[in-house]
Amino acid sequence: METQKKIKRLVELRGQARLGGGQKRIDAQHAKGKYTARERIEMLLDKGSFEEMDMFVTHRCTNFGMEKESYLGDGVVVGHGTIDGRVVCVFAQDFTVFGGSLSETMSLKICKVMDLAMKLGAPIIGINDSGGARIQEGSNSLAGYSEIFERNILASGVIPQISVIFGPCAGGAVYSPALTDFIMMADKNSYMFITGPKVVKAVTGEDVSVDELGGADVHSRKSGVVHFKAAGEQEGLNTIRELISYLPQNNMEDAPVAVCTDPVSRMDDSLNAIVPDNPNKPYDMKEIIYALSDNREFLEVQPLYAQNIICGFARFNGVSTGIIANQPKFLAGVLDCDASRKAARFVRFCDAFNIQILTLVDVPGFLPGTGQEYAGIINHGAKLMFAYGEATVPKVTVTVRKSYGGSHIVMSCKQLRGDFNYAWPSAEIAVMGASGAIEVLEGRAMAAIEDPTKRAEFVQQKEAEYKEKFANPYQAATMGYIDDVIEPRNTRFRIIRAFEALKTKKLSNPLKKHSNIPL
Ligand code: HXC
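Please read all numbers here as calculations on a predicted model, not as lab measurements.

(A) Quick peek at the overall build of the protein. Secondary structure summary: the protein contains 20 helices and 17 strands in total. For the protein, the spread of C-alpha atoms along the principal axes amounts to about 100 × 55 × 45 Å. Taking all 519 residues of the protein together, 52% fall into the buried category. Element-wise, carbon and sulfur atoms account for 55% of the exposed surface of the protein, whose accessible area totals about 23,900 Å². On the protein, the mean spot of the 59 positive side-chain charges and the mean spot of the 61 negative ones are 4 Å from each other.

(B) Up close: a nonpolar patch on the surface. Together, Val431, Met432, Val440 and Leu441 give the surface a local cluster of nonpolar side chains, amounting to about 410 Å² of exposed area. Its place among the elements puts leucine 441 in helix α16 (residues 434–441).

(C) Geometry of the pattern of salt bridges. Tallying each qualifying case throughout the model produces 33 salt bridges. Residues aspartate 129 and lysine 34 are paired through a salt bridge, measuring 3.0 Å at the closest nitrogen-oxygen approach. Of this pair, aspartate 129 sits in the loop between β4 (124–128) and α5 (139–155) while lysine 34 sits in the loop between α2 (23–31) and α3 (37–44); the two residues are 95 residues apart in sequence, bridging distant segments of the chain. Judged by its relative accessible area of 0%, aspartate 129 is buried. The salt bridge involving arginine 341 is made with aspartate 338; its shortest N-O contact spans 4.0 Å. Here arginine 341 pairs with aspartate 338, and both are found in helix α12 (residues 337–352), just 3 residues apart, close to one helical turn. One salt-bridge network, held together by shared partners, links Lys34, Arg40, Asp129 and Glu233.

(D) Fine view of the nonpolar core. By size, the foremost hydrophobic cluster in this structure holds 57 residues, and its most contacted members are Ile125, Phe313, Ile324, Leu384 and Met411. The element contributing the most residues to this core is α12, with 7 residues. The next biggest cluster of nonpolar side chains, apart from the first, holds 28 residues, and it includes Ile288, Ile323, Leu360 and Leu502.

(E) View of the sheet that holds strand β7 (residues 182–186). With mixed pairing, the 7 strands of this open sheet are ordered in space as β1-β2-β3-β4-β5-β7-β9. Single-partner strands in this sheet number two, and they are β1 (51–53) and β9 (228–230). The mean angle between the axes of side-by-side strands here comes to 20°, regardless of whether they run parallel or antiparallel. Of the pairings in the sheet, the one linking β7 to β9 comprises 3 bridges and is parallel in character. Note that in β9 the partner of alanine 186 across the bridge is alanine 230.

(F) Geometry of the site of the ligand. Close to the ligand lie 18 residues; Arg25, Lys32, Gly99, Gly131 and Ala133 are nearest. At 2.8 Å, a side-chain N or O of arginine 25 approaches an oxygen atom of the ligand. Out of a free accessible area of 1,000 Å², the ligand has 54% covered by protein chains. Of the residues forming the shell around the ligand, the biggest block, 3 residues, is contributed by α5. Along the lines of polarity and charge, the residues of the shell around the ligand split into 9 nonpolar, 6 polar and 3 charged.

(G) Focus on the packing of aromatic side chains. This structure, assessed with the given rule, holds 13 aromatic pairs. Taken together, a centroid distance of 5.7 Å and an interplanar angle of 20° make the contact between tyrosine 246 and phenylalanine 313 stacked. With tyrosine 246 in the loop between α10 (233–245) and α11 (285–292) and phenylalanine 313 in strand β11 (residues 309–316), this pair connects stretches of sequence that are 67 residues apart. Taken together, the aromatic side chains of Phe182, Phe228, Tyr246, Phe313, Phe346, Phe349 and Phe353 make up a single cluster linked through ring pairs. If you follow arginine 315 out to its NZ or CZ, it ends over the ring of tyrosine 246, 4.0 Å from the centre. A cation over a ring is seen here: lysine 469 above phenylalanine 470, with NZ or CZ 5.8 Å from the ring centre.

(H) Quick peek at the environment of threonine 204. Mapped onto the elements of the fold, threonine 204 is located in helix α7 (residues 197–204). Within the structure, the side chain of threonine 204 is placed 3.2 Å from the backbone nitrogen of glutamate 206, a separation counted as a polar contact.

Thresholds applied
- Residues numbered from 1 in each chain as written.
- Predicted model: local features only at pLDDT ≥ 70, side-chain atom pairs only at ≥ 80, totals over all residues.
- Heavy atoms only, no water.
- Helix = DSSP H or I, 4+ residues; strand = E, 2+ residues; numbered from the N terminus.
- Buried < 20%, exposed > 50% of the residue type's maximum accessible area, 1.4 Å probe, protein only.
- Areas by Shrake-Rupley, 256 points an atom, 1.4 Å probe, with all protein chains shown as cover.
- Lys, Arg positive; Asp, Glu negative; His and termini not counted.
- Charge placed at Lys NZ, Arg CZ, Asp CG, Glu CD.
- Patch = residues over 30% accessible without salt bridge, like charges linked within 9 Å, V, L, I, M, F, W, Y side chains within 5 Å.
- Salt bridge = Lys/Arg side-chain N within 4 Å of Asp/Glu carboxyl O.
- Core = buried A, V, L, I, M, F, W, Y, C linked by side-chain atoms within 4.5 Å.
- Pairing = 2+ DSSP bridges.
- Axes fitted to C-alpha atoms, helices over the stretch in contact; angles between N-to-C directions.
- Near = heavy atom within 4 Å.
- Polar contact = N/O pair within 3.5 Å; in protein donor to acceptor, adjacent residues only side chain to side chain.
- Nonpolar A, V, L, I, M, F, W, Y, C, P; charged D, E, K, R; others polar.
- Phe/Tyr/Trp six-rings, centres within 6.5 Å; stacked < 30°, edge-to-face > 60°.
- Lys NZ or Arg CZ within 6 Å of the ring centre and 35° of its normal.

Structure, rendered in structure tokens:
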């Protein structure tokens, strides 16, 4: 009888914990179009796989009468479960408890599940929906954040870390997501900023709305802080599930290999015609990516930011592959500060987690001008070069069209330890384009010709000579900088063959404490 009473009490307590801050606040959360922490976890994980921990933890604060108001589990739900049968650790801040604000005990719960993730070698996914530091707890809350940040830093490059923003994430709290590998934001109700609109107004006089300052659109288009933007929470969590399918559990493992239903030797005749005859005419590089990858599947990372470069995950013969590709459709595929930063971080992620890299090149150069120079293009471009040059995962490069100067080198050239570097017959590998080169080489001769028609004819002839020599892949191929010139329609097969051969690749960098990447 006594035992039955005890079990009944447990069931009651569990029920109480599941209500978080109470039904009224749950209703308020729903009224805003938001799900609760537990609902989000259920939506993210395989059905019924969630094992919750620490649901009886309560805060210890006695300031401002806080001892009279306390909720089982405090403001975060933590535990582990599975995605497609693979273990992940999760925490979801519960806005119904003091606005999900971070207490000392909440940070202990989050740190506990982060430590578990490290111990298991499993990804950690954090769902953020919080009013920031719990004001009543003062520096205890700040210390709690710092404990989380330190764990984010130590886990970086060891287990995949993914942040989801489904509500407020303001002040120093933004730095936990910022330290993780990927950030997902929902289109509505979500914002991230260091200081809110009121403080901005007080300090700078600027009038700005919450969305303009730190909404999903701003962070996915302008700042580049966010990697995925979703129309709603369910869509966002589905994308996280998809993302996880491309990732290994940790840096000591490989990503799972999917069953490939797309023929390895599938030829695609459309690729033989995709590059326009006019080298200045754009085309959509994504069409090439879709044509090459298994079942035309591609999960793009940061699709709205620095669209002149494309980054994302696909599979080749079932093997997870990071793709980096210039996009001639956007700013002619030029490399600028934002594109360099975006691609560098992606290359480093792939390298840290043993994901092979395919690079598709069509790049006219680095974007010239004071705007870019003052913004530090030298530094940002160096990041991308560093990332490629440091990466030891299998690297296959296909030059589709232009590959000029410094941008040729940066985009995974042979000398940056590219393993297999192929080129299409449409490739142009040179120091610079024809018109720029003739301007430099023949400037004096051009100036000496007074008749404009004759000068134009002279320039045309010199450009034609230059193109004959360099607007092709063969000068580079004769030197062995390109391993083979391949027929475009056969590219999928050649890529898969190359990666198959690279399965046993072993390459390591000199021992060091860490490198000093130009940040
Ligand atoms: C304690 C908080 C809280 C906080 C919200 N609540 N934020 N309690 N500490 N930081 C409580 C509210 O009192 C309220 O309690 C409940 O959560 C819901 O909040 P509402 O204001 O009713 O919700 P809403 O209108 O949706 O507004 C959400 C909000 C707002 C925009 C997040 O609550 C807000 O501005 N909060 C303060 C944000 C803030 O300045 N945080 C500190 C940032 S500095 P009841 O009982 O009514 O349900 C920081 C430093 C971190 O975080 C440093 C790390 C290194």
